[in-house]
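Single-letter residue listing:
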Amino acid sequence: MATFVLVPGMCHGGWSFEPLTERLRALGHRVHAVTLSGVSERRHLMAGGVNLDTHIQDVTALLEAEQVEDAVLVAHSYGGMVITGAADRAPGRAGSLVYIDAVVPSDGDSCWSLVRDEERRWYTDVDETGFGVRPQPFFDPRATPHPLASVLQPLRLTGDLAHVRRRDYVYAAGWDGESPFTVFHERLRQDPAWTAHAVDGRHNLMRDAPDELLKILLGAA
């Protein structure tokens, strides 16, 4: 059976992947739903030094400690920055990548550089510590501020991720208004190295389209 490592978007914890986590485990798969440093139940680790490198290390340390090989790394939204870096830094432990309405960075990109001015205005709405980006009002009540440095820091890659055998992009086609992720979907659906999917649902596809997502994740495995 496969091992899935699930990485959430900004301000959210590993709980954001429920009920996918439960359904994958019921099918016999090994699942690690990650909560990144400084967020949710790990919000006590919020500090000015928590950045993208910290979040990548959250994932690579888990892969090493759990002796995971050939993992399916799954990311929602901001999490695309994290799994790209983790696949680069732990090449023997990442077999497939699945981006769920997520950013897809290249070397030198930051989350800040990849999004629109609308998202940048949100990023600068920091809490009283100056370190945390406030959750949006419509987020899950469990959401907490997200480390600002993680969206500002550029990603540094050492290779081209050629060792990854499969890459899937899952586009949420039901946004109210223009989606900031359309640019990734339009580019990647024409790239033979990628398998692109368009799913009827809003940004939180784990909530809006769990059945379709489950099929895609099993296909990626």
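Look up: the structure comes first, before these words.
Quick caveat: nothing in here was measured; it's all calculated off a predicted structure.

Strand order in the open sheet formed by six strands is S2-S1-S3-S4-S7-S8, and the pairing between neighbours is parallel. Each having just a single partner strand, strand S2 (30–33) and strand S8 (195–199) make up the two edges of the open sheet. Adjacent strand axes in the sheet meet at a mean angle of 15°, parallel and antiparallel pairs treated alike. Summarising the sheet, strand S1 (residues 3–7) and strand S3 (residues 71–76) pair through four bridges and their orientation is parallel. In the sheet register, valine 5 faces S3, and the bridge partner there is leucine 73. Contacts from helix H3 (residues 79–89) reach S1, S3 and strand S4 (94–100), with the element oriented near 155° to S3. Taken strand by strand, helix H9 (residues 210–220) contacts S1, S3, S4, strand S7 (166–172) and S8, and its axis lies near 170° from that of S7.

Okay, the environment of serine 110 next. Relative to the assigned elements, serine 110 resides in the loop between S4 and helix H4 (111–114). For serine 110, a relative accessible area of 6% gives the class buried. As for serine 110 and leucine 152, which are separated by 42 residues in sequence, their C-alpha atoms are 5.9 Å apart. The contact partners of serine 110, leaving out residues within four places of it in the chain, are Met81, Val151, Leu152, Gln153 and Pro154.

This next bit is on the packing of helix H2 (residues 52–65) against H3. A pair of packed helices is characterised by two quantities: the angle between their axes and the separation of those axes. The contact between H2 and H3 brings their axes to 9 Å, and the two run at 60°. It follows that H2 is oblique to H3 by the angle criterion. Note that H2 runs across H3; the crossing there is right-handed. On H3, the residues that touch Leu52, Asp53, His55, Ile56, Val59 and Thr60 of H2 are Met81, Val82, Gly85, Ala86 and Arg89. For the contact of H2 with H3, the per-class residue count stands at six nonpolar, three polar and two charged.

As a further point, take the pairing of S8. When S7 meets S8, the two strands line up parallel, connected through five bridges. Within the sheet, the bridge partner assigned to alanine 172 lies in S8 and is valine 199. For the segment spanning S7, helix H7 (residues 182–188) and S8, crossover handedness is right-handed.

Bringing the pattern of salt bridges into the picture now. In the structure shown here, the tally under the stated rule is 14 salt bridges. The partner of arginine 89 in a salt bridge is aspartate 53, with the nearest N and O atoms 3.0 Å apart. Of this pair, arginine 89 sits in helix H3 while aspartate 53 sits in helix H2; the two residues are 36 residues apart in sequence, bridging distant segments of the chain. With a shortest N-O distance of 2.4 Å, aspartate 70 and arginine 165 are connected by a salt bridge. Highlighted residues: aspartate 70 in the loop between H2 and S3 and arginine 165 in the loop between helix H6 (148–152) and S7, separated in sequence by 95 residues. Through salt bridges with shared partners, a single network forms among Arg116, Glu118 and Glu119.

Glancing now at unusual backbone geometry. The linkage connecting glutamate 18 with the following residue, proline 19, adopts the cis geometry, with an omega of 5°. Mapped onto the elements, proline 19 comes out in the loop between S1 and helix H1 (20–26). Although it is not a glycine, cysteine 11 adopts a positive phi angle of roughly 75°. Along the polypeptide, cysteine 11 turns up in the loop between S1 and H1.

The rules behind these values
- Residues numbered from 1 in each chain as written.
- Predicted model: local features only at pLDDT ≥ 70, side-chain atom pairs only at ≥ 80, totals over all residues.
- Heavy atoms only, no water.
- Pairing = 2+ DSSP bridges.
- Helix = DSSP H or I, 4+ residues; strand = E, 2+ residues; numbered from the N terminus.
- Axes fitted to C-alpha atoms, helices over the stretch in contact; angles between N-to-C directions.
- Contact = heavy atoms within 4.5 Å.
- Buried < 20%, exposed > 50% of the residue type's maximum accessible area, 1.4 Å probe, protein only.
- Parallel < 35°, antiparallel > 145°, perpendicular 65-115°, else oblique.
- Left-handed = near helix turned anticlockwise from the far one by under 90°.
- Nonpolar A, V, L, I, M, F, W, Y, C, P; charged D, E, K, R; others polar.
- Right-handed = clockwise from strand over helix to strand, strands pointing away.
- Salt bridge = Lys/Arg side-chain N within 4 Å of Asp/Glu carboxyl O.

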